[in-house]
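Notes for the structure review
Here is what each chain is made of, one letter per residue.
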Amino acid sequence: MSDLMPEPGTARGEPAATDGPPPMPAAPAPLGVVRTPTANAEVDAWLERLADADHLAADGHIEVYEDVHRGLRDALTALDARPAPAPVPAPMPSYDNRS
């Protein structure tokens, strides 16, 4: 505040009195983020791993996020490394045309 308006409950120039210890941070709580299945079991497992962060304090989230990022990156790399599916042969022409 300004010099003209002291903080409520304090005399001019004196620090505010505390009523006890500072409040404790809130306990970790789930964010309730819905995870939509992707139809890829490996990717779905990595996305489900994100739920582990719901039970950690904020400073523990980075480990989970890095682990999930690494797993998803490896899953995408594996998709690129797979051979392309064999081309489907063209259907045989029909010789039932009789003139």
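Look up: the structure comes first, before these words.
Conventions we followed
Residues numbered from 1 in each chain as written. Predicted model: local features only at pLDDT ≥ 70, side-chain atom pairs only at ≥ 80, totals over all residues. Heavy atoms only, no water. Helix = DSSP H or I, 4+ residues; strand = E, 2+ residues; numbered from the N terminus. Buried < 20%, exposed > 50% of the residue type's maximum accessible area, 1.4 Å probe, protein only. Contact = heavy atoms within 4.5 Å. Areas by Shrake-Rupley, 256 points an atom, 1.4 Å probe, with all protein chains shown as cover. Polar contact = N/O pair within 3.5 Å; in protein donor to acceptor, adjacent residues only side chain to side chain. Axes fitted to C-alpha atoms, helices over the stretch in contact; angles between N-to-C directions. Parallel < 35°, antiparallel > 145°, perpendicular 65-115°, else oblique. Nonpolar A, V, L, I, M, F, W, Y, C, P; charged D, E, K, R; others polar. Salt bridge = Lys/Arg side-chain N within 4 Å of Asp/Glu carboxyl O.

Re the overall build of the protein chain
- Helices and strands together make up the secondary structure of the protein chain, namely 2 helices and 0 strands.
- Looking at the protein chain residue by residue over its 99 residues, the buried ones come to 12%.
- Long-range contacts, defined here as pairs at least 24 residues apart, represent 31% of the contacts in the protein chain between residues at least 6 apart.
- For the protein chain, the computed accessible surface area is about 8,900 Å², with 62% contributed by carbon and sulfur atoms.

Focus: the side chain of Asp 67
- Looking at the secondary structure, you find Asp 67 in helix 2 (residues 58-81).
- At a separation of 2.7 Å, a polar atom in the side chain of Asp 67 contacts the side chain of Arg 49.
- Look past the residues within four positions of Asp 67 in its chain and what remains in contact with it is Trp 46 and Arg 49.

Things to note about the packing of helix 1 (residues 41-49) against helix 2
- One way to put it is that helix 1 packs onto helix 2 with a least axis distance of 9 Å and a crossing angle of 170°. On the basis of their axis angle, the class for helix 1 and helix 2 is roughly antiparallel. Of the residues in helix 2, those touching helix 1 at Glu 42, Val 43, Trp 46, Leu 47 and Arg 49 are Val 64, Asp 67, Val 68, Gly 71, Leu 72 and Ala 75.
- Tallied by class, the residues present in the contact of helix 1 with helix 2 amount to 7 nonpolar, 1 polar and 3 charged.

Let's talk about the pattern of salt bridges
- Summed over the entire model, instances satisfying the criterion amount to 3 salt bridges.
- Of the charged contacts in the structure, one is a salt bridge between Arg 49 and Asp 52, with a shortest N-O distance of 2.7 Å.
- For Arg 70, the salt bridge is made with Asp 67, and the minimal N-O distance between the two is 3.8 Å. On the criterion of helical spacing, the pair formed by Arg 70 and Asp 67 is a turn pair, its members being 3 residues apart in helix 2.
- Salt bridges here are not isolated pairs; linked through shared partners, they connect Arg 49, Asp 52, Asp 67 and Arg 70.

Just geometry here; none of it tells us what the structure is for.
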